[in-house]
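Understanding the architecture of this molecule
Each chain, letter by letter, is given below.
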Amino acid sequence: MTSKVHLLSDDRARPLHWLTSPGQRGDSPMFAPVLDGLLLMTLESGGTRGSSNSFDRRRSR
């Protein structure tokens, strides 16, 4: 038995959301569910990972 991990990561390769599927399943059918997981995370937290540390130009002046 085999399996695949469908992983969505940020720009520093930190995992944001992942799903596992049977190894015989294609990658394309899992694209939308992985992105849906990111949408749910964004709605729950009010932003994406790292948004609280984002650069604010007004504070840097």
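Structure shown above.
Residues numbered from 1 in each chain as written. Predicted model: local features only at pLDDT ≥ 70, side-chain atom pairs only at ≥ 80, totals over all residues. Heavy atoms only, no water.

1. Points about the overall build of the protein
Scanning the protein for helices and strands turns up one helix and two strands. The N-to-C order of helical and strand elements in the protein reads β-β-α. Burial analysis of the protein (61 residues in total) assigns 16% to the buried set. If you take every contact in the protein between residues at least 6 apart in sequence, the share linking residues at least 24 apart comes to 20%. Entry remark: accessible area of the protein is about 5,300 Å², with carbon and sulfur atoms responsible for 54%. (Helix = DSSP H or I, 4+ residues; strand = E, 2+ residues; numbered from the N terminus. Buried < 20%, exposed > 50% of the residue type's maximum accessible area, 1.4 Å probe, protein only. Contact = heavy atoms within 4.5 Å. Areas by Shrake-Rupley, 256 points an atom, 1.4 Å probe, with all protein chains shown as cover.)

2. Digging into unusual backbone geometry
The residue Ala13 is not glycine, and still its phi comes out positive at about 65 degrees. The topology assignment puts Ala13 in the loop between strand S1 (3-9) and strand S2 (15-22). Ala13 gets classed as exposed once you look at its relative accessible area, which sits at 60%.

3. Details of the pairing of S2
Judged from the seven bridges that link them, S1 and S2 form a sheet pairing that is antiparallel. By the bridge assignment, Ser9 is partnered in S2 with Pro15. Hairpin connection from S1 to S2: five residues lie between these consecutive antiparallel strands, with Ala13 at a positive phi of about 65 degrees. (Pairing = 2+ DSSP bridges.)

4. Side note on the pattern of salt bridges
As a working rule, side chains carrying opposite charge can pair if their charged atoms are close by. This structure, assessed with the given rule, holds two salt bridges. One salt bridge in this structure joins Asp27 and Lys4, with 3.4 Å as the shortest N-O distance. One end of the pair, Asp27, is in the loop between S2 and helix H1 (28-45); the other, Lys4, is in strand S1, with 23 residues separating them in the sequence. Between Arg14 and Asp10 there is a salt bridge whose closest N-O contact spans 2.7 Å. Asp10 sits in the buried class, given a relative accessible area of 15%. (Salt bridge = Lys/Arg side-chain N within 4 Å of Asp/Glu carboxyl O.)

5. Quick notes on the environment of Pro22
Mapped onto the secondary structure, Pro22 falls in strand S2. Linking Pro22 and Val5, residues 17 residues apart in sequence, is a C-alpha distance of 9.0 Å. Excluding residues within four positions of it along the chain, Pro22 makes contact with Thr2, Ser3 and Lys4.

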